[in-house]
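Observations on the model geometry
Residue-level listing of the chains:
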Amino acid sequence: MAEANFINEINKRRTFAIISHPDAGKTTITEKLLLWGQAIQIAGSVKGKKGPHAKSDWMSMEQERGISVTSSVMQFPYKGRVVNLLDTPGHEDFSEDTYRTLTAVDSVLMVIDGAKGVEDRTIKLMEVCRLRDTPILSFINKMDRDIRDPIEVLDEIESVLKISCAPINWPLGMGKEFKGVYNLVTDTIHVFTQGQGHMIPDDIQIKGLDSAEAAELMGPYIDDVREEIELVRGATPEFDMEAYLQGKQTPVFFGTALGNFGVREMLDGFVECAPKPLARPAAPREVAPEEEKFSGFVFKIQANMDPKHRDRIAFMRVCSGNYHQGMKMRHVRLGKDIRISDAVTFLAGDRSAVEVARAGDIIGLHNHGTIQIGDTFTEGEDLKFTGIPHFAPELFRRIRLKDPLKTKALQKGLQQLSEEGSTQVFFPKNNNDIVVGAVGVLQFEVVAYRLKDEYKVEAIYEPVNVATARWVDCEDPKKFDEFKRKCADNLSIDGGGHLTYLAPTRVNLSLAQERYPEVRFRATREH
Ligand code: GDP
């Protein structure tokens with residue numbers, strides 16, 4: 001393979017996730033992004049044969065294939081780039097799954113409901129992005145509704161999320177009077193046409209805010225609009241690539257996901273500015289995407305994604321080199337070389353066998369129980385990608401079976417669900433209880449549902465006297481033995497085989513920490 005081509009392929013990759021509060025429009029915009037991505041590809045490949053019907057052919061094909069935007073990973077080509085979109089779970093509980101997915105991307109798209117502004121979950125997700133200074137591009141959605149004053153929305157983003165806003169385009173009117181967006185950089189109006197949400201609309205442009213066409217479009221509002229734009233130019237900073245890449249400034253686009261308008265401008269801006277695959281922290285050294293040897297890490301495990309494939313998939317971000325079919329990888333934690341013949345990619349919702357994947361791409365490995373979240377794979381080097389944590393759960397329940405004969409199935413189910421990060425499970429050393437831990441309360445419901453659905457086990461939750469958990473270790477084996485003997489009633493083994501201290505109260509935890517200063521009590525555990 002030519003060196004230049006290898007680098008070129010990496011530089012084409014854009015790997016990102018969407019963060020938003022529920023209902024802001026994440027699903028809708030994902031659909032539209034796939035429309036844009038697929039249309040380019042399919043229209044390009046069938047145009048010669050079918051002429052002007054290419055687009056509608058594609059639409060029926062999408063319907064037939066039933067592209068599901070609930071897929072965890074979607075890949076689509078756009079303007080010579082390869083875009084990887086990683087989905088994050090939509091429910092309200094702050095979830096570990098989301099956190100880990102954000103460790104596998106190079107940037108994020110923040111979608112904000114223009115009528116509601118900055119909401120809770122966006123604030124939390126933003127905190128997570130902050131930890132790694134992830135670059136953020138913003139889309140203010142629902143311009144076809146009566147939203148809040150856009151200046152006010154930007155002020156809110158700046159003050160609440162503490163990030164400077166550089167609008168790239170500006171909305172012309174809103175709700176019924178929404179006329180389009182004005183690009184502040186190119187001095188071009190992109191005109192909105194209603195009722196084109198399901199297609200690739202033509203890009204109707206008007207050059208210059210001072211033009212006669214602009215005046216005609218805006219009618220009686222033209223003077224107000226010109227004044228407002230003047231004000232916006234004065235009050236907002238110009239886009240600064242460096243500041244964006246450092247996570248200090250966000251370029252802002254306006255539009256309507258439902259109307260599929262403003263999405264093109266946003267996506268064009270995204271593939272232009274968003275970072276290509278970045279280097280990843282690892283021990284003992286950082287890994288650059290351009291390195292020729294393959295490496296990657298697992299950030300998510302999901303069971304039974306597709307009823308047709310009843311298996312578990314480990315999602316791996318490729319960090320360097322190439323994955324190619326049939327290659328040998330070292331499973332570093334196990335110190336074993338394994339041949340991977342059937343990894344999958346996620347080309348717009350379709351699981352297909354992948355032949356080559358490069359830095360920035362996500363591949364799915366069939367997991368038969370040997371892969372855990374956080375595992376590193378290489379071409380032989382002893383590396384360990386870092387920064388993919390487990391959080392100590394905050395909520396605990398004892399889980400009990402309705403049918404005691406199903407103990408094996410319950411253990412297997414819980415083991416798998418904990419591996420995939422859906423819950424955490426603890427087996428106390430001194431009794432036969434099984435304790436389930438969660439970060440958010442919804443997780444319990446999901447686990448009970450999935451146990452029943454996938455493992456045919458009906459389980460009941462009962463309260464248990466556990467307030468918090470800490471992973472424990474100690475460098476002094478003698479002191480550790482003493483601790484293990486004296487605190488046996490509080491110790492358990494978690495789903496990954498790690499010793500854990502289950503504290504009935506916070507006070508109990510503080511006392512134990514005071515009594516055994518040599519023992520480390522960790523609230524997060526690196527995989
Ligand atoms: P999610 O929860 O963030 O995935 O949000 P959805 O994409 O499911 O959207 C929530 C609701 O808002 C749905 O009823 C959408 O049809 C609607 N919606 C999304 N985008 C727009 C938009 O641009 N304009 C309007 N009027 N409604 C929208």
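Let me sum up the structure you'll find in this document.

Conventions used here
Note on numbering: residues in each chain are counted from 1, in written sequence order. The predicted nature of this model means local features are confined to residues of pLDDT at least 70 and side-chain atom pairs, given and counted, to a pLDDT of 80 or more, with totals for whole chains, interfaces and linings taken over all residues. Two strands qualify as a pair provided that DSSP identifies no fewer than 2 bridges between them. Only runs of H or I of at least four residues qualify as helices and only runs of E of at least two qualify as strands under DSSP, and these elements are numbered from the N terminus. To get an axis, a line is fitted to the C-alpha atoms, and for a helix only the part in contact is used. The angle between two axes follows their N-to-C directions and goes from 0 to 180 degrees. To decide nearness, the C-beta atom of each residue is placed from the backbone, and the residue is near a molecule or strand if that atom lies within 6 Å of it. Charged residues are taken to be Asp, Glu, Lys and Arg, nonpolar residues to be Ala, Val, Leu, Ile, Met, Phe, Trp, Tyr, Cys and Pro, and polar residues to be all remaining types, Gly included. Buried Ala, Val, Leu, Ile, Met, Phe, Trp, Tyr and Cys residues form a nonpolar core when they are connected through C-beta atoms within 7 Å. To sort residues by exposure, count the other C-beta atoms lying within 10 Å of each residue's C-beta; 20 or more gives buried, 12 or fewer gives exposed, and values between give partly exposed, all with C-beta atoms placed from the backbone. We call two residues in contact whenever the C-beta atoms placed from their backbones are within 7 Å. What a helix is expected to span follows from its residue count: subtract one and scale by 1.5 Å. Starting at the helix axis, one direction is taken to each C-beta atom, and the arc is that of these directions.

A closer look at the sheet that holds strand 7 (residues 169-172)
Across the sheet, which stays open at both edges, the four strands sit in the order 7-8-9-10 with antiparallel pairing between neighbours. Two strands lie at the open edges of the sheet, namely strand 7 and strand 10 (205-207), each paired on one side alone. Averaged over all neighbouring strand pairs, the angle between strand axes comes to 25°, with direction disregarded. With three bridges connecting them, strand 9 (residues 188-191) and strand 10 associate as antiparallel partners. Its bridge partner being in strand 10, His-190 is matched across the sheet by Gln-205.

Digging into the site of the ligand
Near the ligand there are 17 residues, and of these Lys-26, Thr-27, Thr-28, Thr-256 and Leu-258 occur at the shortest range. Of the residues forming the shell around the ligand, the biggest block, three residues, is contributed by helix 2 (residues 26-50). Grouping the amino acids of the shell around the ligand by side-chain chemistry returns four nonpolar, eight polar and five charged.

Observations concerning the sheet that holds strand 31 (residues 499-503)
The eight strands are arranged 28-25-27-26-30-31-29-32 in an open sheet whose pairing can be described as antiparallel. Pairing within the sheet leaves two strands with one partner each, and these edge strands are strand 28 (459-463) and strand 32 (520-522). Here the strands of the sheet are splayed against their neighbours by 40° on average, with no regard to which way each runs. The pairing of strand 26 (residues 424-428) with strand 27 (residues 435-438) spans three bridges and is classified as antiparallel. In the sheet register, Phe-426 faces strand 27, and the bridge partner there is Val-435.

Some words on the nonpolar core
Val-108, Leu-109, Val-298, Met-316 and Ile-363 are the most contacted members of the largest nonpolar core, which totals 97 residues. Among the elements that make up this core, the one with the highest residue count is strand 14 (residues 312-320) (six residues). Leave out the neighbours within four places in its chain, and Val-108 touches Phe-16, Ala-17, Ile-18, Ile-19, Cys-129, Thr-134 and Ile-136. Listed in part, the 25 residues of the second largest apolar core include Ile-399, Leu-417, Phe-426 and Val-447.

Looking at the pairing of strand 16 (residues 327-331)
In the sheet, strand 16 pairs with strand 17 (residues 336-340) via five bridges, with the strands oriented antiparallel. Within strand 17, the position partnered with His-331 by the bridge is Lys-336. Two elements, strand 16 and strand 22 (residues 376-378), share two bridges in a ladder whose sense is antiparallel. For His-331, the partnering residue across the bridge sits in strand 22 and is Phe-377.

A few points about helix 12 (residues 442-455)
Taking 1.5 Å of rise per residue, 14 residues should cover 20 Å, and helix 12 covers 19 Å from first to last C-alpha, within 8% of that figure. When helix 12 is considered as a whole, its buried residues turn out to be Gln-443, Val-447, Leu-451 and Tyr-455. Down the axis of helix 12, the buried side of the element spans an arc of 75°, and every buried residue falls inside it. Facing away from the buried side of helix 12, by more than 90 degrees, are the exposed residues Glu-445, Tyr-449 and Asp-453. Taken together, the buried residues of helix 12 touch helix 11 (407-419), strand 27 and strand 28. Positioned one or two residues after helix 12, Lys-456 has a phi angle of 55°, which is positive.

A word on the pairing of strand 11 (residues 249-254)
In terms of burial, strand 11 is a largely internal element, six of the six residues being buried. Note that strand 5 (residues 136-141) and strand 11 share three bridges and pair parallel. Opposite Ile-140, over in strand 11, you have Phe-254 as the bridge partner. The sheet contact formed by strand 6 (residues 164-167) and strand 11 spans four bridges and is parallel. Across the sheet, Cys-165 pairs through a bridge with Thr-250, a residue of strand 11.

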